[in-house]
Amino acid sequence: MSPIVKILNISYTYHTREGETKTLEDINLDINKGEFISIVGPSGCGKSTLLSLISGLLKPSIGNIIFDKLLINNNSHYIGYMLQKDHLFEWRTVYKNILLGLEISNKLSQENLQYIDNLMKQYGLYSFKNYKPSQLSGGMRQKAALIRTLALNPEILLLDEPFSALDYQTRLSAGDEIGTILKKENKTALLVTHDIAEAICYKKQHIALYLK
Ligand SMILES: Nc1ncnc2c1ncn2[C@@H]1O[C@H](COP(=O)(O)OP(=O)(O)OP(=O)(O)O)[C@@H](O)[C@H]1O
Ligand SMILES: [Mg+2]
């Protein structure tokens, strides 16, 4: 099986007026279809930077990221990126926030709406659909952001500390749950966490990368 994403000798340095920050150095990783990979490491080691590089928001200073051509041609939404901050819009309801990606890409089909309803029910958000984001708890906001990311049915999911606002116990069970869902739907996922216990609680995944 050839990988759908190949990360080759990536390095990244931020340049600011204050100076340079060398963040990632010579990172290599193959991502195969259906894999669920955790990226673990302490705060500031470059986890979010790596996801931004894979999503294309940043360009590597050195090295290349090569995507399977089929992946790019088949579906323009081949990458779903759930950022570390949830970026929910306060002027839209929870439901309207979740619909945003589908709305922008003109994909408000019955099938997609049904999929969203199911996810909202599954994650206990359905009865809050008409609430504003500020009326939700931190964990509920993250779930809403996750459903918004899943709504576009991306081939690869990049999840940056998706459950960091949840208490420890709920985080482990939510992590287990999402791991199961991603496996069931045969999604490829990269999940960032600074918590090694969280990383190993996901079913059938492996810790592929430990950043220092
Ligand atoms: N926009 C930026 N400009 C300059 N330096 C940055 C920028 N973003 C991140 N950095 C620096 O790059 C390093 C890695 O940051 P990054 O956000 O990737 O870490 P992280 O592993 O995701 O940390 P955390 O677990 O706290 O989210 C840090 O030293 C940070 O200060
Ligand atoms: Mg981060």
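Up top is the structure.
The structure contained in this document is the topic of the report that follows. Model, not experiment: these values are computed from the prediction.

Quick look at the site of ligand 1 now. The full set close to ligand 1 counts 14 residues, and Tyr14, Ser43, Lys47, Ser48 and Thr49 are the nearest of them. Mapped by element, the contributors of at least two residues to the shell around ligand 1 are strand 1 (5-16), strand 2 (19-31) and helix 1 (47-55). No other element matches the 3 residues that helix 1 contributes to the shell around ligand 1. Classifying every residue of the shell around ligand 1 by side-chain character gives 2 nonpolar, 11 polar and 1 charged.

Where helix 1 is concerned, the buried positions are Lys47, Thr49, Leu50, Leu51, Leu53 and Ile54. Gly56 sits one or two positions beyond helix 1 and adopts a positive phi of about 95°.

With that settled, the discussion passes to the environment of Met140. Note on placement: Met140 falls in helix 5 (residues 138-151). Taking C-alpha positions, Met140 is 24 Å from Ile37, a pair spaced 103 residues apart along the chain. Residues contacting Met140, with those up to four places away along its chain left out, are Leu125 and Phe128.

Right, let's get into the packing of helix 4 (residues 110-122) against helix 5. Their axes nearest at 10 Å, the elements helix 4 and helix 5 cross at an angle of 150°. By the angle class used here, helix 4 and helix 5 are roughly antiparallel. Once helix 4 is placed against helix 5, the crossing between them reads as right-handed. Residues Asn112, Ile116, Leu119 and Met120 of helix 4 form the contact with helix 5, whose own contacting residues are Ile147, Leu150 and Ala151. Class assignment for the residues of the contact of helix 4 with helix 5 results in 6 nonpolar, 1 polar and no charged.

Criteria and cut-off values
- Residues numbered from 1 in each chain as written.
- Chains lettered and ligands numbered in written order.
- Predicted model: local features only at pLDDT ≥ 70, side-chain atom pairs only at ≥ 80, totals over all residues.
- Near = placed C-beta within 6 Å.
- Helix = DSSP H or I, 4+ residues; strand = E, 2+ residues; numbered from the N terminus.
- Nonpolar A, V, L, I, M, F, W, Y, C, P; charged D, E, K, R; others polar.
- Buried ≥ 20, exposed ≤ 12 C-beta atoms within 10 Å, placed from the backbone.
- Contact = placed C-beta atoms within 7 Å.
- Axes fitted to C-alpha atoms, helices over the stretch in contact; angles between N-to-C directions.
- Parallel < 35°, antiparallel > 145°, perpendicular 65-115°, else oblique.
- Left-handed = near helix turned anticlockwise from the far one by under 90°.

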